[in-house]
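Topology and contacts: notes
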Amino acid sequence: MGSLFRSEEMTLCQLFLQSEAAYACVSELGELGLVQFRDLNPDVNAFQRKFVNEVRRCDEMERKLRYLEKEIKKDGIPMLDTGESPEAPQPREMIDLEATFEKLENELREVNQNAEALKRNFLELTELKHILRKTQVFFDEQEGGLNTTTESMTRALITDEVRTGHSMGPVQLGFMEKSNEREDYYPCFVAGVISREKLPAFERMLWRACRGNVFLRQAMIESPLEDPSNGDQVYKSVFIIFFQGDQLKTRVKKICEGFRATLYPCPEAPADRREMAMGVMTRIEDLNTVLGQTQDHRHRVLVAAAKNLKNWFVKVRKIKAIYHTLNLFNLDVTQKCLIAECWVPVLDIETIQLALRRGTERSGSSVPPILNRMQTFENPPTYNRTNKFTKAFQALIDAYGVATYREMNPAPYTIITFPFLFAVMFGDLGHGAIMALFGLWMIRKEKGLAAQKTDNEIWNIFFGGRYIIFLMGVFSMYTGLIYNDIFSKSLNIFGSHWEVNYNKSTVLENKYLQLNPETSDYLGTPYPFGMDPIWQVAGANKIIFQNAYKMKISIIFGVIHMIFGVAMSYHNHTYFKNRLSLIFEFIPQLIFLLFLFFYMVLLMFIKWNRYAATNKPPYSASCAPSILITFIDMVLFNTPKPVPEGCNVYMFGGQHFFQVVFVLVALACIPVMLLGKPLQIMKQRKHANVQPITGSDAEVGMSNGQPAGHGAGGHHDEEEMSEIFIHQGIHTIEYVLGSVSHTASYLRLWALSLAHAQLAEVLWNMVLSIGLKQEGWFGGIMLTIVFAFWAILTVGILVLMEGLSAFLHTLRLHWVEFQSKFYQGTGYAFQPFSFDAIIENGGAASSAENE
C-alpha cells in the first residue's frame, strides 16, 4: 500500500565517511532532510565530544547575532528576508564570520558606550539648566529686597531664639558674610533634581530628620528626561533646600544621597548664574551635534548589518547543526573515518547516495562514502509523507499518538470523515460560508502569510489548519442545505410540497401550528433536496420532527463509522500476518457490531420505508414501533407489548427469530474474544515447548523495514500467561461496553446540531428581528446598529465558539470512537536531520539528539 495509507518502509543503515568529507556530506543530508541519525556516544558527556569546540564557537557567534538583532529591533530597522536559504558555509569560512561578528559587536558596543556617556552628560547639563531657571525666582526676590522669610523658617528661628536668647530678625536667603559670634545662624542652601515620584517621601524625610528646621521649595520639570542607562522617559522635579549650620548640611546631603537625588552647584550672584547658564547652553548645543553624529554612525552600522542578519543566522545555525550531528558519530581505529547509524526511508536510498556523492565531490575527497543496510530487530520510526494539504490532518492523528510502524494511517480517511462529522453538528449554510471564506482567504494568501512569521500561537494554529477550516466550512454549507438552514431561516428553492390551508395571520401568529401529513396539506411527494422550508413555520412539531430525523442519522453515521474502524483492523492483522488476532478478535468484533448495532440501523431504514402517515394499518404511522424499545426488548428477550388493533408487533416476518439468533450469536462472540487468543497461545506454547507462538506471530522484527510483530500486537513470547489473560479480558470488556457507550456517544451529532440551530434562531428572534420591525428613518438607523450587534454575536458565538465546540467533539469521535477500533499509536516519529526544520524551530540542535 502507498505511504499515504501506511507509514513509509524504513531501514537502518550504517554510514562510513572520510573525515575530510564528513562535514560536506552531512551538509548535503541536512539539505535533503531524509536521514535520522542515532547517537553512537550515549555515555559520552556533551563537553567531551570531538567537535565541542566548534559548537561553542557557533554558540558565541549566535550570541553576537542576537545582540545585533536586539539593537536592530530597538531602532526599528527592517531586516531583509529574501526567503532564500544559503548553503552551509565551509569550515574555513567560520573564521571570516567570527571576525565579521567580532568587529560589528565591538564597534556597536563602543558606539553605545560613547552614546551613553554623551547622554549622561547631556542629562546633567539639562538638569543644571532647569535648576538655574527654576531657582532664579528665589534670588530675584532677594535682589528686589523682598522679605523671603517663610513661616517654616520663622518657626525654626523662634525656636533658636528661645534656646539661645538672641534675636536674629528677618533672615535673607543666600550666603551672607559670616560673623565669628553667630555664623551657625546664617542660612545656606543646596539645589538638585529628584524623581517626581520620590518627592513626597523625600519631603517627609527632610521634615522629620531635620525637625522642621529646613525650608524646601520645588518646581516640576514639564518635559520628561531620558535615562541614559535604559532609555526610559523619567519625570523629575527641581528642588532647593535652605538650612542653617554644618550639622543640618551634612544631614541634608545624606538624605539627598539616600533618595538618589542629584545635587548641582548654583551660584548666588546673578552674574555668575548668567555666565553659568550661557556656558551650559553652549555645551548642550555642542553635545546635541555630537550625539546626532553618533546616532547617525550607529544607524549606518545597524542598517548594514540588517541586510545580512537573516542569512548570517541561517549559516551559523546550519554550521552548529552539522557539528551537533557529527558529535553523534564514532571514529574508527585509524581516526580517519567517521561511522554513523541512521534510519532512512527505503524509497529514498538512491537519493541519499546521490547527496553523499555530491558532498564528497564538494570536499575534494577521493574516498567515496559507504552506505550499508543493517539487520536489526528494533522497531523503526514512523514516517508519513505529507504535503501542505495533508499535513494538518496528519497532525490531528499524531496529537493522539504516533502510529505504530506500518500500521494503518487514519489520516487519509480523516480528510473526509472529520469535516463531514463536524458539518453534521455545525450545519448552517450561512455560518459554513463564513468559515469557508476565512479558510479560502488563508489558502489564497498562504505564501504572504507564511512569510510573516509571528509568535501568536492562536494565529499559527488557525493558519496551520487552513485546509481543515476550509473543508469544514464547505461541508457545513452542504449539511446546511440538507437541513435547509441559513442563519436559522430556510431557502425555498424548489417550492414547498405542502399547501397551507390557513390565512396569513394564522400561519404567522399561531405558535401551536402543526403540519399533519395525513391531511391534504401534504402533496404526497418529498422535497427534492433537504428539508421542506415549510417546517420553519411549524412551531409545534418542528422540533419533534427534526429531533427524530437528526437523532437517527447520528446513530446511522456512528455505527457505519465504527464498522469502518473495525474493518481497518483487518488490514493491520493481514499485513502483520497476525492470524490469531484476525480469527479471535476481528471476526467476533465485527459480528458483535453487525448483529446488534447494524441491525438496529437496518430497523430504522425498514421503519422509514414501511410506515407512513398516509398508510393504513398495519403500516400506518400510529402502528410504527419504537426502535429503542424494540432494541431493548431484543437484548432482554422480552415479548413486545400489545399494539393498537390492526397493527403488527413486528416490522417484518420472522423478526423475533432473527433477533434471538442475532443476540445469541453476539453473546457467543464475547467468550471467543475473551478466551480464544490466550488459549491458542497456551496451546501452541505447550506443543512447541518454546517461547515463540507461530512463525508469523513470533516475528519480533526484520531488517529492511519489514513488519514487526510487536507493533502489530502479536509479540507475546516474553509475556506471562496471566498477563495475556488479563490484557485480553480488559480488551474484551472495553470493546463490548464501548460498543454501547460509543454508539450513544455519536448522539452528540444530534445534540450539538440541535443546540446550534436553536441558538441561531434565538439570536435572530431576540436581536435582528428587533431592527427589522422598526419603520421609517429611525428603523434604518436602528437596523444598522442591531445588524452590527447581531453580526458580532454571530461570528463570535455561533462561528468561533460553537465551531470550536463542534471541532473538539469531532476530534473526540475520531480519537476514541473510531481509532480505538484499530489504531494503537505506540510508535515514535521519524525526526530527520533537516536544516529547514531546525531553522523553523529557531535554531534548535539536530533532532537526532533526541535519540
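Residues numbered from 1 in each chain as written. Predicted model: local features only at pLDDT ≥ 70, side-chain atom pairs only at ≥ 80, totals over all residues. Heavy atoms only, no water.

Turning to the overall build of the chain, a few remarks are in order. Per the secondary structure count, the chain includes 26 helices and 11 strands. For the chain, the proportion of its 851 residues judged to be buried stands at 45%. Counting contacts in the chain only where the partners sit at least 6 residues apart, residues at least 24 apart contribute 81% of the total. Just so you have it, the chain exposes about 44,200 Å², and 58% of that area is on carbon and sulfur atoms. (Helix = DSSP H or I, 4+ residues; strand = E, 2+ residues; numbered from the N terminus. Buried < 20%, exposed > 50% of the residue type's maximum accessible area, 1.4 Å probe, protein only. Contact = heavy atoms within 4.5 Å. Areas by Shrake-Rupley, 256 points an atom, 1.4 Å probe, with all protein chains shown as cover.)

Moving on, we get to the state of the cysteines. All told, the structure shown has 1 disulfide when counted by the stated rule. Each disulfide pairs two cysteine sulfurs, and for Cys 623 the partner residue is Cys 647, the sulfurs being separated by 1.7 Å. For the disulfide bridge between Cys 623 and Cys 647, the dihedral angle about the S-S bond is near -50°, and by the sign convention the bridge is left-handed. Taken as a pair, Cys 623 in the loop between helix H19 (579-610) and helix H20 (627-636) and Cys 647 in the loop between H20 and helix H21 (655-688) lie far apart in primary sequence, 24 residues in all. Cys 647 shares its class with Cys 623; the two are buried. (Disulfide = S-S within 2.5 Å.)

This part takes up the layout of surface pockets. Taken as a whole, the second largest pocket spans an internal volume of roughly 1,400 Å³. For the second largest pocket, the lining is made up of 34 residues, of which Pro 517, Trp 535, Phe 545, Trp 608 and Tyr 611 are closest to its centre. Counting only elements with at least two residues in the lining of the second largest pocket, the list comes to helix H18 (542-575) and H19. Among the elements that make up the lining of the second largest pocket, the one with the highest residue count is H18 (7 residues). A per-class count over the lining of the second largest pocket returns 22 nonpolar, 8 polar and 4 charged. (1 Å grid on protein atoms, 1.4 Å probe; cavity = no way out; pocket = protein on both sides within 12 Å on 5 of 7 lines; lining within 4 Å. Points joined across faces, edges and corners; volume = space filled by probe spheres on them. Nonpolar A, V, L, I, M, F, W, Y, C, P; charged D, E, K, R; others polar.)

Attention shifts here to the confidence of the model for the chain. Mean pLDDT for the chain: 86, with 89% of residues reaching 70 or above. A low-confidence stretch, residues 144-186 stays under pLDDT 50, and its non-local contacts, those more than four residues away or across chains, total 56 contacts. Per-residue pLDDT stays below 50 along residues 690-713; that stretch engages in 70 contacts with residues further than four places along the chain or on separate chains. (pLDDT = per-residue confidence, 0-100.)

It is worth spelling out the nonpolar core at this point. If you look at the biggest cluster of nonpolar residues, it comprises 61 residues, and the most contacted ones within it are Phe 37, Leu 326 and Phe 329. Per-element tally for this core: the top contributor is helix H9 (residues 309-326), with 9 residues. Formed by 60 residues, the second largest nonpolar core is a distinct cluster that contains Phe 418, Val 601, Phe 662 and Leu 811. (Core = buried A, V, L, I, M, F, W, Y, C linked by side-chain atoms within 4.5 Å.)

Okay, the pattern of salt bridges next. Under the criterion given, the structure shown has 28 salt bridges. With a closest N to O distance of 3.2 Å, Glu 105 and Arg 109 form a salt bridge. Placement of the pair is Glu 105 and Arg 109 together in helix H3 (residues 93-134), with a separation of 4 residues, close to one helical turn. The class of Glu 105 is buried, set by a relative accessible area of 4%. Exposure remark for Arg 109: the relative accessible area of 34% places this residue in the partly exposed category. (Salt bridge = Lys/Arg side-chain N within 4 Å of Asp/Glu carboxyl O.)

What follows concerns empty space enclosed by the protein. All chains considered together, the criterion is met by 6 cavities of 30 Å³ or more. Taken together, 16 residues line the largest cavity, and the ones lying closest to its centre are Tyr 483, Asp 485, Gln 536, Lys 542 and Gln 546. Listing elements by their share of the lining of the largest cavity, those giving two or more residues are H18 and helix H24 (748-772). The class makeup of the residues in the lining of the largest cavity is 5 nonpolar, 6 polar and 5 charged.

Inspection of the secondary structure puts Glu 8 in the segment before strand S1 (10-18). Under the relative-accessibility criterion, Glu 8 is labelled buried at 4%.

Taken as a whole and assessed by the stated rule, the structure comprises 48 aromatic pairs. The interplanar angle of 85° and the centroid separation of 5.5 Å between the aromatic rings of Phe 389 and Tyr 467 together place this pair among those described as edge-to-face. Taken together, the residues Phe 389 in the loop between strand S11 (370-373) and helix H11 (390-400) and Tyr 467 in helix H16 (residues 466-483) connect sequence positions 78 residues apart. Relative accessible area serves as the criterion here: at 11%, Tyr 467 is assigned to the buried category. Measuring from centroid to centroid gives 5.2 Å for Tyr 413 and Phe 564, while their planes differ by 75°, and the two rings are edge-to-face. With a gap of 151 residues between them, Tyr 413 in helix H12 (residues 411-426) and Phe 564 in helix H18 connect regions that are remote in the sequence. (Phe/Tyr/Trp six-rings, centres within 6.5 Å; stacked < 30°, edge-to-face > 60°.)

With that settled, the discussion passes to H16. If you check H16, its first and last C-alpha atoms are 25 Å apart, about what 18 residues at 1.5 Å a residue would give, namely 26 Å. Among the 18 residues of H16, 13 are classified as buried, and the element is accordingly described as predominantly covered. In the stretch just after H16, Asn 484 is the one whose phi turns positive, near 55°. (Expected span 1.5 Å × (residues − 1).)

What follows is about the side chain of Thr 11. Following the sequence through the fold, Thr 11 ends up in strand S1. Side chain to side chain, Thr 11 and Arg 373 meet in a polar contact 3.5 Å long. (Polar contact = N/O pair within 3.5 Å; in protein donor to acceptor, adjacent residues only side chain to side chain.)

On to a nonpolar patch on the surface. Residues Ile 434, Phe 438, Trp 441, Ile 458, Phe 462, Leu 759, Val 795, Ile 797, Leu 800 and Met 801 make up a contiguous nonpolar surface patch of roughly 850 Å² in combined accessible area. Residue assignment for the nonpolar patch shows that the elements contributing at least two residues are helix H13 (429-444), helix H15 (457-464) and helix H25 (776-818). By residue number, the principal contributor to the nonpolar patch is H25, which donates 4 residues. You can call Leu 759 partly exposed: its relative accessible area is 33%. (Patch = residues over 30% accessible without salt bridge, like charges linked within 9 Å, V, L, I, M, F, W, Y side chains within 5 Å.)

Relative to the assigned elements, Val 346 resides in the loop between strand S10 (337-345) and helix H10 (349-363). Residues Val 346 and Glu 8, 338 residues apart in the sequence, show an inter-C-alpha distance of 7.8 Å.

Orientation of helix H2 (residues 52-74) relative to H3, taken along the N-to-C sense of each, is 40°, at an axis distance of 10 Å. Regarding the angle of H2 to H3, the classification is oblique. You can see that H2 and H3 cross each other, and the crossing is left-handed. Touching Glu 54, Arg 57, Cys 58, Met 61, Arg 63, Lys 64, Leu 65, Tyr 67, Leu 68 and Glu 71 of H2 are Met 94, Ile 95, Leu 97, Glu 98, Phe 101, Glu 102, Leu 104, Glu 105, Leu 108, Arg 109 and Asn 112, all from H3. A class-by-class count of the residues in the contact of H2 with H3 yields 11 nonpolar, 1 polar and 9 charged. (Axes fitted to C-alpha atoms, helices over the stretch in contact; angles between N-to-C directions. Parallel < 35°, antiparallel > 145°, perpendicular 65-115°, else oblique. Left-handed = near helix turned anticlockwise from the far one by under 90°.)

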